[in-house]
Amino acid sequence: MTNQVLQSLVAEYNSFWQVWPQYEQANGERRLIGFEVELIGSHTSDLNHVDPACRRCRSVRAVLLAIADLLPREANLGENSLTYNIDSHSNSVLCLPALGNRSAVSVSIYVSWNRSNSQSFETDMLTAIKSFLNRWGIHQR
Ligand SMILES: [Zn+2]
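First, a word on scope: everything that follows refers to the structure included in this document. Note that the structure is predicted; figures quoted are calculated from it, not measured. Throughout, a residue's number is its position along its own chain's written sequence, starting from 1. The predicted nature of this model means local features are confined to residues of pLDDT at least 70 and side-chain atom pairs, given and counted, to a pLDDT of 80 or more, with totals for whole chains, interfaces and linings taken over all residues. Water and hydrogen atoms were dropped before computing side-chain values, which therefore reflect all heavy atoms in the structure.

**Quick look at helix α2 (residues 55-74)**
The criterion, for reference: The secondary structure listing takes helices from DSSP runs of H or I that are at least 4 residues long and strands from runs of E that are at least 2 residues long, numbered from the N terminus. Each residue after the first adds 1.5 Å to the expected span of a helix. Two residues qualify as a contact provided that any one of their heavy atoms is within 4.5 Å of a heavy atom in the partner residue.
Here α2 spans 28 Å end to end across 20 residues, near enough to the 28 Å set by a 1.5 Å rise per residue. Residues of α2 that are buried in the fold lie against α1 (3-12), β2 (29-41), β3 (83-87), β5 (102-112) and α3 (121-135). Phi for N76, located one or two positions after α2, is positive at around 50°.

**Thoughts on the pairing of β5**
Test applied: Here's how the labels work: a residue is buried when its accessible area is under 20% of the maximum for its type, exposed when over 50%, partly exposed in between, all with a 1.4 Å probe on protein chains only. When DSSP finds two or more bridges between two strands, those strands count as paired.
For β5, the buried fraction is high: nine of the 11 residues fall into the buried class. With eight bridges connecting them, β2 and β5 associate as antiparallel partners. Counted as the bridge partner of V37 is I109 from β5. Judged from the five bridges that link them, β3 and β5 form a sheet pairing that is antiparallel. Bridged to N85 within β5 is Y110.

**Considerations on the side chain of T44**
Along the chain, the position of T44 falls in the loop between β2 and α2. Those residues in contact with T44 that lie beyond four places of it in its chain are H49, R102 and S103.

**Notes on the coordination of the zinc ion**
Counted only if it meets this: Only nitrogen, oxygen and sulfur atoms count as donors, using a 2.8 Å cut-off from the metal that widens to 3.2 Å for Na, K and Ca. Water is left out, so coordination shells may look unfilled. A site with four donors is called tetrahedral when every donor-metal-donor angle falls between 85 and 135 degrees; four donors are called square planar, and six octahedral, when opposite donors sit more than 155 degrees apart and all other angles fall between 65 and 115; any other arrangement is irregular.
Protein coordination at the zinc ion comes from H43 (NE2), H49 (NE2), C54 (SG) and C57 (SG), with a distance range of 2.0 to 2.3 Å. Its four donor atoms give the zinc ion angles of 104 to 117° at the centre, a pattern that matches the tetrahedral case. Read in sequence order, the donor residues for the zinc ion give the motif H-x5-H-x4-C-x2-C. Taken together, the positions of H43 in the loop between β2 and α2 and C54 in the loop between β2 and α2 put the pair 11 residues apart, joining distant regions of the chain. We classify H43 as buried; its relative accessible area is 17%. Judged by its relative accessible area of 10%, C54 is buried.

As structure tokens, then:
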């Protein structure tokens, strides 16, 4: 898949992203240890479309996964001690109020760290993730 094809599929699937902070509870303190970046896309506006075996849903997921795989290399997060985990939620179809209850598929990227080096660390990382996804035409919702 060329970048150009990937980019046009991203647009065709109305892809967007959401971010969820991940906390750890230790010694009575809540510490931010990472982000879940959720990429979401959909190929249909059919409200009754909930077929986990759908081939088109599978290709939406493949496109989101391709983007997820590029993130560690291309987002310039500039931190060696980051851990990336990708979960493609391969058997689930979401039903999203934000999309008018359209069915959609999602891929989650978990980025986590052991220590943060500076006060602006988390903000810088979110900015880098955001500009990487913007370059692909994926906007935050
Ligand atoms: Zn489908």
